[in-house]
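The residues making up each chain are set out below.
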Amino acid sequence: MTDDVAREAGHADPPPRMGFFTDTSVCIGCKACEVACKEWNAIPEDGLELTGMSYDNTQGLGASTWRHVAFIEQRVPAAPGGHEDVDVFDAARDLAGSPGGDQVRWLMSSDVCKHCTHAACLDVCPTGSLFRTEFSTVVVQEDICNGCGYCVSACPYGVIERRPDDGRAWKCTLCYDRLGVGMEPACAKACPTDSIQFGPLEELRERAADRVAHLHATGEGDARLYGEDPQDGVGGDGAFFLLLDEPEVYGLPPDPVVTTRDLAGMWRHAAAAAATLAALAAAGFAGRSR
Amino acid sequence: MSEVTRGGPNGGRRRRRGRGERAMVPDAEFASYYGRPVLKRPEWQPLDVAGYLWLGGLAGASSLLAAGADVTARPALARTAKLGSAGAITLSLAALVHDLGRPARFLNMLRVFKPTSPMSVGSWLLAAYAPLTMAAAAADVAGRYRIAGAAATASAAALAPAVATYTAVLICDTAVPSWHEGYREMPFVFAGSAATAAAGWALAAAPPGQTGPARRTAVLGAVLELGAFRLMKRNMGLAAETYDSGRPRGWLRAAEGLTAGGALLAALAHRRGRVCAALAGTALLAGSAALRLGVFHAGVASAEDPRYTVVPQRERLAARSRTGKPEEAG
Ligand code: SF4
Ligand code: SF4
C-alpha cells in the first residue's frame, strides 16, 4: 500500500520504500546529525546566534538546516510515572530535603523532513521541481525550482524554505546521492546512539512497534509513535518518530493534514463562485438601458 | 477546549496563551516548542501577492464588463474595460514574476501541467487569457480587425470568471490556517471583490452615460463580497481570529468601509455626475485592494502563531477519540 508511492509516481520497478525511524528516547543531543548533514550536503552557514532558549541555537528546520535537534527542558516529579509501587507521599517527603523539590528531564529529538506519503510540497509545486524518487522520498531539483515559494506555505510541518540569497527552495533529500550508491544517509551514519535509524520503511515500522512495547513495559507509558500511521492526514511519514511527550511539545503538529486532500472541494467552490460572478455581471447588464 | 494536553506529570511544560487578551472563547492552553511557529511563514511579499490577487480580479471582472458592453453597444465602457483588463493582467504577471526567487526561470511554470498545483493551473490559464485581453484591447484601440477583436473579447470573457476566482484556490491550498479553513467561502469573497474592483475602474474611467451596468455590478459585488466574508469568518473556527486583530483588522475595516461606501456612492452616481462616479470608483478599487492585503496578512499571522495550528488539530483529535475512532494522538 504505502510502498506503492514510488510506483504511483511512475517508477516501473522501484526498490522498497526507504525512510527514517528517529527514536528520540535514545537521543543524547550531540547534534552529530546536524553536522554530518551540513558537511555531506555542503549546506551554507545560516546564522550563529544564541537564542537563550535551552541549548538549541539551531532553532528549527529550514533551507539550510535539514536536521534539527530540539532540546526540551521539563520539570518532572522525582519518581517518574509508571512505577505503581512507589508511594507518592513517601517520595514527596524525600523530595522535601532535596533542593528544588523536583527533577529535570531533557527531551531531545532530531527533526527532519517527513517525506510524506501525500506530500503537499510536491503536490503544489508548479514546475515539477519537487519529485518523488524511486525510494519514495521527496526531493527538490535545484536546476528547475524557480523559487515560487508555494511549497513553503503548503508543508504542514514547516520544513521546506527558500534560501534568501539564492531564491530557491531547499530541504532534506534523504541523501538521495548516497542512497543511489547503496549508502545510508549521512545523519543516520553519524548518529552514535542509533537514535536515527535508516532502512526499508516496513522494517522500521516493525522495529518501532517493538521499541514502544518495550518502553511501555519498562514504565515509560508516554512513549508513542508519531507519523508511522498510514491512515493519518498525510498518509504516513517516510520519516517517523518515537516521542516521549505530545508532538507539539517538540514543535510538531499534532494532527497534520495534506492541504490537497481538500483540493477537489476547493475547485468545486471556485467553480460555483466563478458561475456566480458571471451571473452577477450578466445581471448588471440586464434590464435598464443605462 | 480548555484542557488540550494530556494529564500526568508535565512539570514546566512551556505553554503559550493567546496574546494576553481576554478572548470570547475560553482561553486555550496548548503546548508548543518555546512558542515557535509550527509552520513556515509564507515567504511571498505582501505587495506582490496581494497585488497579484487584486489585479487578477480586476482583470477578470473587467473582461466580463467588456464583453457585456460590446453586446449592449456601450463602446466607451467596452474600451475602458478592455484596457483595464489588459493593463491589470500585465501588471499582475509582473508582480508574480517579481515575487519569484528566480525570476529568470519564470517559464518553468509552463514546463509541466499539474492539476494538483493551483499555481500551475493558474499559469496555464493566464498564458491563454493574457494574450486574449491584449488582442481585445489592441483591436478596440486600433479600430480594426473587428471580428478578431470580438472573438478575443468573448474568449477572454469565457476564461475571466476562472481568472478572478482561481486565486482563492491558490492561497487556500496551503497549510496556512486562516487561508485553508476558508476554502469554501474565499472564492466567493474574491469573486465579489473582483466585481467591485472592475466596476470601480469603469466608474472612474468611463463616461457616466454608459456605466449603468458597472454601478449595478458594484452593488451586487459588494453584497457578495461582504456577505461571503462574514460567512467565512463564522465558519472558520479559531483561525478567524486573525481577521479581527492587529494589522489585518485595519486593512479589513478599511476594505469594508471603502467597498460599502463605494457601492453606495455608485448607486447614487447616476444622479450626481462625474465627480461622484470617480470617487465611487476610486473607493471601490481601494476597497478591493485593501481586502486582498487584509486576507494576506491574516494568513501570515495565522502561520506565525502556533496556536492556530496546534489548537484546532488538538480539538480534531479529541473529537475523533470521543467518537471512538481508533486514531490516537501521535
Ligand atoms: S514534511 Fe513538508 S517538505 Fe517534507 S515531504 Fe512532507 S510536505 Fe514536503
Ligand atoms: S519554490 Fe521551487 S520547489 Fe517550491 S513549489 Fe516553487 S518551484 Fe517547486
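Up top you'll find the structure we're talking about.
Note that this is a predicted model, so its numbers are computed, not measured.

Participant: Describe the site of ligand 1, and please don't skip the residues or the numbers.
Facilitator: If you check the shell around ligand 1, you find 13 residues, and the closest are Cys-113, Lys-114, Cys-116, Cys-121 and Cys-155 of chain A. Considering only residue class, the shell around ligand 1 consists of 10 nonpolar, 1 polar and 2 charged.

Participant: An account of the site of ligand 2 is needed here, citing residue identities and associated values.
Facilitator: Close to ligand 2 lie 13 residues, the nearest being Cys-125, Thr-127, Cys-145, Cys-148 and Cys-151 of chain A. Broken down by class, the residue content of the shell around ligand 2 amounts to 8 nonpolar, 5 polar and no charged.

Participant: Help me get a handle on the pairing of strand E3 (residues 103-112) of chain A, residues and values and all.
Facilitator: All names here are of chain A. With 7 of its 10 residues buried, E3 lies for the most part within the structure. Pairing analysis gives 10 bridges linking strand E2 (residues 67-76) to E3, with the strands arranged antiparallel. Across the sheet, the residue bridging to Val-69 is Ser-110, located in E3.

Participant: Explain helix H9 (residues 274-304) of chain B to me, using residue names and the numbers behind them.
Facilitator: Structurally, the α-helix is built with 3.6 residues per turn, so residues lying three or four positions apart point the same way. For H9 of chain B, which comprises 31 residues, the first-to-last C-alpha distance of 45 Å matches the rise-based estimate of 45 Å (1.5 Å per residue) to within 8%. Summarising burial for H9 of chain B: 23 of the 31 residues are buried, a large majority.

Participant: So what about the state of the cysteines? Which residues, and what values?
Facilitator: Across all of its chains, the model carries 0 disulfides over all chains by this definition. Looking at the unpaired Cys-37 of chain A, the closest cysteine sulfur is the one in Cys-175 of chain A, lying at 6.4 Å.

Participant: Mind laying out the environment of Arg-79 of chain B, listing which residues take part and the relevant values?
Facilitator: Residue and element names in this part refer to chain B. In this fold, Arg-79 is placed in helix H2 (residues 75-99). As for Arg-79 and Leu-203, which are separated by 124 residues in sequence, their C-alpha atoms are 13 Å apart. What Arg-79 contacts, discounting residues up to four positions off in sequence, is Asp-140 and Val-141. At 2.7 Å, the side chain of Arg-79 and the side chain of Asp-140 are in polar contact.

Participant: Describe the pairing of strand E10 (residues 239-243) of chain A, listing the residues and the values that go with them.
Facilitator: All names here are of chain A. Among the 5 residues that make up E10, 5 are buried, leaving the element largely enclosed by the rest of the structure. Along E10, one buried face is formed by Ala-239, Phe-241 and Leu-243 and the opposite face, lined by Phe-240 and Leu-242, is buried too. Pairing between strand E1 (residues 18-23) and E10: 4 bridges, direction parallel. By the bridge assignment for E10, Asp-23 is matched with Leu-242. Looking at chain direction, strand E9 (residues 224-226) and E10 are connected through 3 bridges and run antiparallel. From the neighbouring strand, Tyr-226 faces E10, where its bridge partner is Phe-241.

Participant: Run through the interface of chain B and chain A, naming residues and quoting values.
Facilitator: In this complex, chain B contributes 82 residues to the contact, which on the side of chain A involves 89 residues. A buried area of about 7000 Å², summed over both sides, lies between chain B and chain A, and 57% of it is on carbon and sulfur atoms. Contact with chain A buries surface across chain B, with Tyr-33, Lys-40 and Glu-43 of chain B losing the most and accounting together for 12% of the total. For the pair chain B and chain A, the interface holds 6 salt bridges. One salt bridge in this structure joins Glu-43 of chain B and Arg-162 of chain A, with 3.6 Å as the shortest N-O distance.

Participant: Hey, could you go over the nonpolar core for me, with residue numbers and the actual values?
Facilitator: Counting residues in hydrophobic clusters, the biggest one holds 158 residues, and the most contacted among them are Phe-20 and Leu-130 of chain A together with Trp-179, Met-186, Tyr-243 and Val-295 of chain B. Both domains that furnish three or more residues to this core are identified here as domain 1 (4-259) and domain 2 (263-290) of chain A. Val-38, Leu-238, Val-310 and Val-311 of chain B belong to the second largest nonpolar core, which has 6 residues in total.

Participant: Can you lay out the packing of helix H9 (residues 263-285) of chain A against helix H1 (residues 46-71) of chain B for me, pointing to particular residues and giving the numbers?
Facilitator: Pairs of packed helices are described in terms of their axes, by the angle between the two and the distance that separates them. In contact at an axis separation of 10 Å, H9 of chain A and H1 of chain B are set at 35° when each is read in the N-to-C sense. In the packing of H9 of chain A onto H1 of chain B, the handedness of the crossing is right-handed. Between H9 of chain A and H1 of chain B, the residues in contact are Leu-277, Ala-278, Ala-281 and Phe-285 of chain A and Leu-64, Leu-65, Gly-68 and Ala-69 of chain B, respectively. Among the residues forming the contact of H9 of chain A with H1 of chain B, the class breakdown is 7 nonpolar, 1 polar and no charged.

Participant: Before we move on, could you go through the side chain of Thr-260 of chain A and cite the residues and values that matter?
Facilitator: Mapping Thr-260 of chain A onto the fold places it in the loop between E10 and H9. Here the side chain of Thr-260 of chain A touches Asp-123 of chain A through a polar contact of 2.5 Å, side chain to side chain. Apart from residues no more than four positions distant in its own chain, Thr-260 of chain A is found in contact with Asp-123 and Val-124 of chain A together with Thr-116 and Asp-173 of chain B.

Participant: Which residues make up the sheet that holds E10 of chain A, and what values do they have?
Facilitator: Residues and elements named next belong to chain A. Here we have 4 strands laid out as an open sheet, ordered E8-E1-E10-E9, and mixed in their pairing. Edge positions in the sheet fall to strand E8 (196-200) and E9, since each has one partner strand and no second. Put simply, the sheet's adjacent strands are angled 25° from each other on average, direction ignored. On top of the sheet, helix H8 (residues 201-217) reaches E1, E8, E9 and E10; it is set at about 135° to E8, its chief contact.

Participant: Before we move on, can you summarise the packing of aromatic side chains with the specific residues and values?
Facilitator: This structure, assessed with the given rule, holds 13 aromatic pairs over all chains. Considering the side-chain rings of Tyr-150 of chain A and Trp-44 of chain B, the 5.9 Å spacing of their centres and the 50° angle between planes classify their relative orientation as tilted. Within this pair, whereas Tyr-150 of chain A is found in helix H5 (residues 150-154), its partner Trp-44 of chain B is found in the loop between strand E2 (30-31) and H1, the two belonging to separate chains. Considered together, Tyr-150 of chain A and Trp-44 of chain B belong to a single accessibility category, that of buried residues. Aromatic ring contacts, followed pair by pair, group Tyr-150 of chain A together with Trp-44, Trp-179 and Phe-296 of chain B into a single cluster. The ring of Phe-20 of chain A carries Arg-67 of chain A above its face, with NZ or CZ at 4.5 Å from the centroid. Against the face of Phe-190 of chain B rests Arg-292 of chain B, its NZ or CZ located 4.4 Å from the ring centre.

About the thresholds
Residues numbered from 1 in each chain as written. Chains lettered and ligands numbered in written order. Predicted model: local features only at pLDDT ≥ 70, side-chain atom pairs only at ≥ 80, totals over all residues. Heavy atoms only, no water. Near = heavy atom within 4 Å. Nonpolar A, V, L, I, M, F, W, Y, C, P; charged D, E, K, R; others polar. Buried < 20%, exposed > 50% of the residue type's maximum accessible area, 1.4 Å probe, protein only. Helix = DSSP H or I, 4+ residues; strand = E, 2+ residues; numbered from the N terminus. Pairing = 2+ DSSP bridges. Expected span 1.5 Å × (residues − 1). Disulfide = S-S within 2.5 Å. Contact = heavy atoms within 4.5 Å. Polar contact = N/O pair within 3.5 Å; in protein donor to acceptor, adjacent residues only side chain to side chain. Buried area = accessible area lost by both parts, 1.4 Å probe. Salt bridge = Lys/Arg side-chain N within 4 Å of Asp/Glu carboxyl O. Core = buried A, V, L, I, M, F, W, Y, C linked by side-chain atoms within 4.5 Å. Domains from an automatic or database assignment. Axes fitted to C-alpha atoms, helices over the stretch in contact; angles between N-to-C directions. Left-handed = near helix turned anticlockwise from the far one by under 90°. Phe/Tyr/Trp six-rings, centres within 6.5 Å; stacked < 30°, edge-to-face > 60°. Lys NZ or Arg CZ within 6 Å of the ring centre and 35° of its normal.

Scope: geometric values only; no functional claims are made or implied.
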